[in-house]
Amino acid sequence: MSLTALVHTLTASEDPSLFEEIWTYIIDNYFTIDWYSYNYNHFSVSDNGLISIRTGIAALLLGVIIAAAMATYQKRTLGDLVRAIDREWCVTPDTAKTLTELGLIRNTAIKGDLRHGRALRRVVRCVEEEAHYAALKERRDHLAAQAEAGDAEAIATLKQWKDVPYRLNFDTDHFYIPESLIYGADNQFDKKGTTPLTLVLCIVVCVVLLIAVCFFLPELLQLTDNMIGIFA
């Protein structure tokens, strides 16, 4: 389905709305590849089919925009925790601090990533979580030793053993970044060059590139086709 057809479906009506007319004009004049004005002897190209050339290029540029948006979000929003930990030098369990002490208790994005995400969890450690899993390991090792000694109850317990996942408590849990990771984390979450203006410029550049590709691609293919014909 083309972009124009998709918009028409979403705003289905017998008479096209002003938005549909503007959208159709923009797509037809700036984002449509005119294959019919060219004569290729060694290529068979069109903008039809399930995945057109234009759609493929647009998807690639959309991926660039999404990656830039994610980088901006990660470095500027999630990076606040890394910068706060670095500022307070929380690099060991003894120096770890709560989100309240770091001034980030109201930051829902950081709490959401710590609970369900991966970006911060690669470097940020929770003291209470580490203690929880250490206690589970100690208990499991103790049961394993008893099982080896022939303790039937320990054997039965190990067969049903499942680690109880730790649930973060942002009011009381303490967070830190090991000193061996703090410098890499600073670089990874450095917010320089990820301003909202940079993101807007990235979007504008990608849109301009898509317009340029739609305009110049047929010309480049025609040039290539002519050169193949000469050398053939």
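Structure's up top.
Residues numbered from 1 in each chain as written. Predicted model: local features only at pLDDT ≥ 70, side-chain atom pairs only at ≥ 80, totals over all residues. Heavy atoms only, no water.

Participant: Account for helix α4 (residues 108–116), with residues named and values stated.
Facilitator: Three or more residues of α4 are buried, namely Ala 109, Ile 110, Asp 113 and Leu 114. Down the axis of α4, the buried set is contained in an arc of 130°. They therefore lie on one face. Of the residues in α4, the exposed ones pointing more than 90 degrees away from the buried face are Thr 108 and His 116. (Buried < 20%, exposed > 50% of the residue type's maximum accessible area, 1.4 Å probe, protein only. Helix = DSSP H or I, 4+ residues; strand = E, 2+ residues; numbered from the N terminus. Arc of directions from axis to C-beta.)

Participant: Outline a nonpolar patch on the surface, listing residues and values.
Facilitator: There is a patch of nonpolar side chains on the surface, built from Leu 197, Val 200, Leu 201, Val 204 and Val 208 and spanning about 450 Å² of accessible area. Looking at the secondary structure, you find Leu 197 in helix α8 (residues 196–231). Among the residues examined, Leu 197 registers a relative accessible area of 57% and is labelled exposed. (Patch = residues over 30% accessible without salt bridge, like charges linked within 9 Å, V, L, I, M, F, W, Y side chains within 5 Å. Areas by Shrake-Rupley, 256 points an atom, 1.4 Å probe, with all protein chains shown as cover. Salt bridge = Lys/Arg side-chain N within 4 Å of Asp/Glu carboxyl O.)

Participant: Explain the packing of helix α5 (residues 127–148) against helix α6 (residues 152–159) residue by residue, including any values.
Facilitator: Running from amino to carboxyl end, α5 crosses α6 at an angle of 135°, the nearest separation of the two axes being 8 Å. In terms of orientation, α5 and α6 fall into the oblique class. At the point where α5 passes α6, the crossing takes the left-handed sense. For the pair α5 and α6, contact is made by Arg 140, Leu 143, Ala 144, Gln 146 and Ala 147 and by Ala 154, Ile 155, Thr 157 and Leu 158, respectively. Taken together, the residues of the contact of α5 with α6 sort by class into six nonpolar, two polar and one charged. (Axes fitted to C-alpha atoms, helices over the stretch in contact; angles between N-to-C directions. Parallel < 35°, antiparallel > 145°, perpendicular 65-115°, else oblique. Left-handed = near helix turned anticlockwise from the far one by under 90°. Contact = heavy atoms within 4.5 Å. Nonpolar A, V, L, I, M, F, W, Y, C, P; charged D, E, K, R; others polar.)

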